[in-house]
Amino acid sequence: MASVVPVKDKKLLEVKLGELPSWILMRDFSPSGIFGAFQRGYYRYYNKYINVKKGSISGITMVLACYVLFSYSFSYKHLNTPAGRSWAISEGNSQEGVV
Amino acid sequence: MNEDLFTPFTTPTVLGLPAAILVILFPPLLVPTSKHFINNRLITTQQWLIRLTLKQMMITHNTKGRTWSLMLTSLIIFIASTNLLGLFPYSFTPTTQLSMNLAMAIPLWASTVAMGLRFKAKISLAHLLPQGTPTPLIPMLIIIETISLFIQPLALAVRLTANITAGHLLMHLIGSATLTMLTINLPLTLITLTILTLLTILEIAVALIQAYVFTLLVSLYLHDNS
């Protein structure tokens, strides 16, 4: 599908579905490119929620909630799969013991 | 059950790589820097707190000791923020690892001693003997003071590790106890729940206090040697 603007310069929501693979391949995946992406994301969040005249506590609490979810995903294997849990194997322990 | 208790203290790994580095690098994201005079609310409160602690800490030092202000301020902010973040569920606290605390304590203590020996060699060696000791006791006392000098970094590291680890462990145990007792004996559960809330408040205090104590002792060693 021909487009007027080059695919590389479009934002994600403007890219048509057929052009998506070529869009992904044309992104900058070098270390400085990835760092630039993190920096852009950080400043996007910062300028929207924290760097405002009347920033509320939700600016930080959203970050902390994401941190908790992130840590949970790290320890999911230990907590929920039978291989990670040691107390699930022992008998006579019918109650949840994990905090 | 025993193995389950200590799993929160294992370093997180992703496909075998230590992800502890990511966890250690997370607190600085919460403390933004700014070059403006008037900032947003977050930065204003943080800067106010930092100025308060800085003034409190560095007022006893002379000019040479005050060159350490940046080091000590960042130390207290790092330890306090890491300890407080460790109180969230499922999070990993790097200060529970003895390796990290030793890595913090030994270089700081060694640099205070080196500074003392470099600039005021006679006076810092004289610190090994308290004033007014009877003459026969002198050799023994010097040995004792040397031992106490070398124990300082170990004590710094172990104090921080033990306090934070013990607090986390206690919360885990009491929390699991309340959960198990929920169906057995309800009034006892409520008592245990109150104990848990009190313990959480204590833990918040301990997190801050440990940071303070660590930094204070380092600054004390600095004061002796600057």
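Residues numbered from 1 in each chain as written. Chains lettered and ligands numbered in written order. Predicted model: local features only at pLDDT ≥ 70, side-chain atom pairs only at ≥ 80, totals over all residues. Heavy atoms only, no water.

Another point: the overall build of chain B. Scanning chain B from terminus to terminus reveals nine helices and two strands. When the helices and strands of chain B are listed from N to C terminus, the series reads α-β-β-α-α-α-α-α-α-α-α. Its C-alpha atoms give chain B a radius of gyration of 22 Å, clearly above 17 Å, the size a compact globule of 226 residues would have. In terms of principal-axis extent, the alpha carbons of chain B reach across some 70 × 55 × 40 Å. The burial tally for chain B puts 39% of its 226 residues in the buried class. (Helix = DSSP H or I, 4+ residues; strand = E, 2+ residues; numbered from the N terminus. Rg over C-alpha atoms; globule rule 2.2 N^0.38 Å. Buried < 20%, exposed > 50% of the residue type's maximum accessible area, 1.4 Å probe, protein only.)

All names here are of chain A. Between helix H2 (residues 31-50) and helix H3 (residues 58-74), the shortest axis-to-axis distance is 9 Å and the interhelical angle comes to 140 degrees. Comparing their axes, H3 and H2 come out oblique. From H2, Tyr-45, Tyr-49 and Ile-50 reach across to H3, where they touch Ser-58, Gly-59, Met-62 and Val-63. Among the residues forming the contact of H2 with H3, the class breakdown is five nonpolar, two polar and no charged. (Axes fitted to C-alpha atoms, helices over the stretch in contact; angles between N-to-C directions. Parallel < 35°, antiparallel > 145°, perpendicular 65-115°, else oblique. Contact = heavy atoms within 4.5 Å. Nonpolar A, V, L, I, M, F, W, Y, C, P; charged D, E, K, R; others polar.)

Moving on, we get to the UniProt feature "transmembrane region" in chain B. All names here are of chain B. Under the feature "transmembrane region", the UniProt entry names residues 12-32, 68-88, 97-117, 138-158, 164-184 and 189-209. For residues 138-158, the end-to-end C-alpha separation is 30 Å, with 100% helix and 0% strand making up the annotated structure. Segment residues 164-184 splits into 86% helix and 0% strand. End C-alpha atoms: 31 Å apart. (UniProt positions renumbered as here; feature names shortened; annotations may be inferred.)

A separate point is the confidence of the model for chain B. Put simply, chain B has an average pLDDT of 82, and 91% of its residues get 70 or more. Both scores are available for the predicted complex, with the pTM at 0.81 and the ipTM at 0.80. (pLDDT = per-residue confidence, 0-100.)

Turning our attention to helix H5 (residues 69-85) of chain B. With 17 residues, H5(B) should cover 24 Å at 1.5 Å per step; its first-to-last C-alpha distance of 24 Å lies within 8% of that length. When H5(B) is considered as a whole, its buried residues turn out to be Ser69(B), Leu72(B), Thr73(B), Leu75(B), Ile76(B), Ile79(B), Ala80(B), Ser81(B), Thr82(B), Asn83(B) and Leu85(B). (Expected span 1.5 Å × (residues − 1).)

Residue and element names in this part refer to chain B. Contact pair helix H3 (residues 41-58) / H5: the axes reach a minimum separation of 10 Å and the direction vectors enclose 125 degrees. Compared by their axis directions, H3 and H5 come out oblique. Crossing geometry of H3 relative to H5 is assigned as right-handed. Along the contact surface, H3 presents Ile-50, Leu-54, Met-57 and Met-58, while H5 presents Ser-69, Leu-72, Thr-73, Ile-76 and Ile-77. Looking at the contact of H3 with H5 residue by residue, the class counts come to seven nonpolar, two polar and no charged. (Left-handed = near helix turned anticlockwise from the far one by under 90°.)

What follows covers the environment of Leu85(B). Structurally, Leu85(B) can be placed in helix H5. Its relative accessible area of 7% is what places Leu85(B) among the buried residues. Between the alpha carbons of Leu85(B) and Tyr212(B) there is a distance of 16 Å; along the sequence they are 127 residues apart. If we ignore the near neighbours within four places in the chain, the residues touching Leu85(B) are Leu64(A), Tyr67(A), Phe26(B), Pro27(B), Leu30(B) and Ser91(B).

Moving on: the confidence of the model for chain A. Should pLDDT be low for a region, the predicted coordinates there are not to be read in detail. Residues and elements named next belong to chain A. Residue-level pLDDT values for chain A average 74, and 73% of them are 70 or greater. Averaged over each element, pLDDT in chain A is lowest for helix H4 (residues 76-80) (74) and highest for H3 (89). pLDDT under 50 marks residues 88-99. Its contacts with residues more than four places away, or in other chains, come to 15 contacts.

Attention shifts here to the nonpolar core. Counting 26 residues, the largest nonpolar core has Trp68(B), Leu72(B), Ile79(B), Met104(B), Leu156(B), Phe214(B) and Val218(B) as its most contacted members. Mapped by element, the contributors of at least two residues to this core are H3, H5, helix H6 (98-119), helix H8 (138-181) and helix H9 (186-225) of chain B. Those residues in contact with Leu72(B), other than ones at most four positions away along the chain, are Met57(B), Met58(B), Thr215(B), Val218(B), Ser219(B) and Leu222(B). Of all hydrophobic cores here, the second largest spans eight residues; its members include Tyr67(A), Ala20(B), Val23(B) and Phe26(B). (Core = buried A, V, L, I, M, F, W, Y, C linked by side-chain atoms within 4.5 Å.)

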